[in-house]
Amino acid sequence: MPPISRRDLLSSGLALSASSLLARSAWARTAAAFADATNAAALPAVAPREQLLFDFGWKFTFGHGSDPAKDLGFGVDQGDFAKTGDFKFAKSGYDDSKWRSLNLPHDWGVELPLVHDDELMSHGYKPLGRRYPETSVGWYRREFEVPAADKGRRTWVEFDGAFRSVIVFVNGCFIGRNDNGYAPFRFDLTDFLAYGEKNYIVLRVDASFGDGWFYEGAGIYRHVWLTKMDAVHLGNYDSWIRPTLNGNAATLALATTVKNDSAAPANAKVTWKILDPSGKQVATAEAAAQSIAADGSANYTATAKLSAPALWSVDTPNLYTAIVRVEADGKTLDAEKVTFGMRTAQFTADKGFFLNGKPLKIQGTCNHQDHAGVGAALPDSLQWFRLAVLREMGGNAVRTSHNMPTPEWVEACDRMGMMMMCETRQMSSNPEGMAQLEEMVKRYRNSPSIILWGIGNEEWQLQNTMSEQGARIGADMVRRCHELDPTRVVSAAVNGDNEKGVSTALDIIGFNYNLKFPDKYHAGHPKMACYGSETSSAIGTRGIYTTDKLRNWVNSYDGVVPWGETAEEWWKFYGTRDWLAGGFAWTGFDYRGEPTPYKWPSINSQFGIVDMCGFPKDNYFYYKAWWGKEPSLHLFPHWNWEGRDGEEVKVWVYANTDEVELFVNGKSQGSQKVPQLGHVEWKVRYEPGSIEARGSKGGKVILTEKRETTGAPSQIRLTPDRTTINADGEDVAVIKVEALDKEGRFVPTADNQLSFSVSGEGRLIGVGNGDPNCQESDKDPKRSLFNGLAQIIVQCTKHAGDIQVEASRDPKAEDRAELMPAKLTITTRQVELRPAVPVTGAHE
Ligand code: GAL
């Protein structure tokens, strides 16, 4: 089959969705946008710059946090850094044959066994930290060739993020360090490389210290790149494009910085080509040549005008591209692509938020970055999958709590039309805090999805006892954001009354929980715009309807922590006050760590509107009813209450119809008006059979939903998010595993133990079931169903072909169930691969 470009795949988005069982619009759009975004041509580098994916062919071994003898001898005699070029483990001849081979992104944390140690609770009971030296340090090693022709160019190694303290060595030389888990970092390797020869890069990654109070992973969990450019090149994240909209025209302010890393002065100009969303050139601009001293840099600015700009919005995420070139003597020395969008985003004190001049409530969720099966090391397509789940619910915004996100998440938001509050990790004006903030703002300031910057979360010292320092630290951070990006407002997530400390420095005010504060604050500060930076913290266990403290279960009707609000409570508050811009519910997805409300054996939080796999809990449908644009109706609980005949059961319906009528075994239980932003409920006596809800609008039944008492599980069903994925060694199919009864009905209580096999052009990279108390491995090819569901994540190879997936009853299962196995074939299609550093020699 001839290679097809991802553009072709884009057009096949329709075919993908038609053949997929998830053929709904948000999913179809996601698949199409994903194909477009991960196109090799979508990388920022433009020739002659080369940006090579450096993810494949690494070796890995554990080191040791306290015993140098078990840490490759690093630090044995205190003389390691004495001479440049002496680190033997980063030179040829070092034997790494016993190290494990793997590809990045990689999170070794998720591979570790769980340990019942209460001190490990917030990070998900994984043996990481100074008390677990044998599993807290990892070494990565990779051989790579650098062509002789690269001499004279600048070669950088670029990390999108790693957890956490990293020391980089190349060819025996110490190169540099990075000491936080979320900001990108890069090193210029030019002087250290052996041209036309083999080179060796080694990283010591130490996860002994954490950055947060939630699961953070361990290792190189984001992409790595080897980027090669001319000695006269564009500065890192220095290009920005600021559109000003004026009637039916736009003026673009364009700027960049050119660095001259050569030994001689250079004379270079900069040109811009602006492409519209269809790729058509719509404007050009040029900044005159300047002389740049050796080791110096120069700033360039220009403007461009265009008419009839296609605006970016949550419904029409139109993206423009600027191709920025550095030119000298008619030759392009360096170039990059910057995507941006045209939109206005305005927070007002009296009428809330406006996108492109139209009022829009922020219907947002906060999210951490880990997922079932893979921990913090998410393949790009999984980022898209997660956003599509939230989008499908009617979400239009996400907050990247509590750290700078990975670039694929931001890009997916840009392309899907999800707005974003982009938050940095460390609230501090110390050099590290400021560096993290600057990286974040510079890297993402061209992304139209970002509508506000967050400088921190619940820094209670800076809000209270150290409020004077908080005001100064906040002011420094806000000022720096404004310098780097005068187009966006800056905020923080504050769990107090916002009257002092860091709040005094903010452009707009974010409230975490505490519904008692916003009205009072608004009365006293009528000129400040406000929103809910973090709300809700409702809790629930998917598919569970009775709170059971012995089993660590929370009912799915109205569970909430004492400091929080149910979905209904917070949205009735924020959704009905015009002056509030909306808010971000804690959380979209469940996440490892912070196992609220229970501790061990719970290993993850129960705050999610969806579970760790992205399977909706019932309150997902509250949001879908009131945030979504489509008619929606959801009936719960399930109707499998064996042994509870005659007992009273609460039946709830989330719907946005006028009325809902409930039937038990065909008998009407009465009709009820659906209260605005509320739900309807009945108490009925259980009898096997069915319940049915009929939702009507204008007197006509427009939606119905039925729950039937099912038989025992007798077969398995596998449903992928997409049936065709890319054969690029990166893409994944996310497969839903369900138990069905003989009649093909989903069995909502099934807990069968299953095993999986994957063969052909793919491999299993993770499993999950959304059970906050499940301590089974994320990596073994088996899993119990939790309330009828499990998830398996299958990754392609680089060869086009078929992947066969099979799910069957685990032969070691303790139950005696007879389950018909299920088979599924995923097709992988050859695509234009993103350029990558070739894998050579022993690392092949
Ligand atoms: C907030 C905090 C979040 C999470 C949440 C749980 O106070 O910002 O990170 O801990 O509580 O309710």
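Residues numbered from 1 in each chain as written. Predicted model: local features only at pLDDT ≥ 70, side-chain atom pairs only at ≥ 80, totals over all residues. Heavy atoms only, no water.

Draft legend 1. Layout of the packing of helix 10 (residues 567-574) against helix 11 (residues 620-627). Contact pair helix 10 / helix 11: the axes reach a minimum separation of 10 Å and the direction vectors enclose 25°. If you check the angle between helix 10 and helix 11, you find them roughly parallel. Relative to helix 11, the crossing made by helix 10 is right-handed. Contacts from A567, E568, W570 and W571 in helix 10 reach Y622, Y623, W626 and W627 in helix 11. Counted by class, the contact of helix 10 with helix 11 contains seven nonpolar, no polar and one charged residues. (Axes fitted to C-alpha atoms, helices over the stretch in contact; angles between N-to-C directions. Helix = DSSP H or I, 4+ residues; strand = E, 2+ residues; numbered from the N terminus. Parallel < 35°, antiparallel > 145°, perpendicular 65-115°, else oblique. Left-handed = near helix turned anticlockwise from the far one by under 90°. Contact = heavy atoms within 4.5 Å. Nonpolar A, V, L, I, M, F, W, Y, C, P; charged D, E, K, R; others polar.)

Draft legend 2. Main features of the sheet that holds strand 8 (residues 173-179). The six strands are arranged 4-3-5-10-7-8 in an open sheet whose pairing can be described as antiparallel. A single partner strand is all that each edge strand has here, and the edge strands are strand 4 (100-102) and strand 8. Pairs of neighbouring strands in the sheet enclose a mean axial angle of 25°, with direction left out of account. By the bridge criterion, six bridges tie strand 7 (residues 165-170) to strand 10 (residues 197-206) in an arrangement that is antiparallel. (Pairing = 2+ DSSP bridges.)

Draft legend 3. Local environment of the sheet that holds strand 42 (residues 762-768). The four strands are arranged 38-40-44-42 in an open sheet whose pairing can be described as antiparallel. If you trace the sheet from one side to the other, it starts and ends with strand 38 (715-720) and strand 42, each paired once. Taken pair by pair, the neighbouring strands of this sheet meet at an average axis angle of 25°, ignoring direction. Examined bridge by bridge, strand 40 (residues 732-740) and strand 44 (residues 789-796) share seven bridges and lie antiparallel to one another. Considered in strand 44, the bridge of E738 is made with L789.

Draft legend 4. Highlighting the environment of D802. Within the fold, D802 resides in strand 45 (residues 801-809). The exposure class of D802 is partly exposed, given its relative accessible area of 37%. The spatial distance from the C-alpha of D802 to the C-alpha of T596 is 41 Å, given a sequence separation of 206 residues. Not counting residues within four places of it along the chain, the set of residues in contact with D802 comprises S759, G760, E761, T825, I826 and T827. At a separation of 3.5 Å, a polar atom in the side chain of D802 contacts the side chain of T827. (Buried < 20%, exposed > 50% of the residue type's maximum accessible area, 1.4 Å probe, protein only. Polar contact = N/O pair within 3.5 Å; in protein donor to acceptor, adjacent residues only side chain to side chain.)

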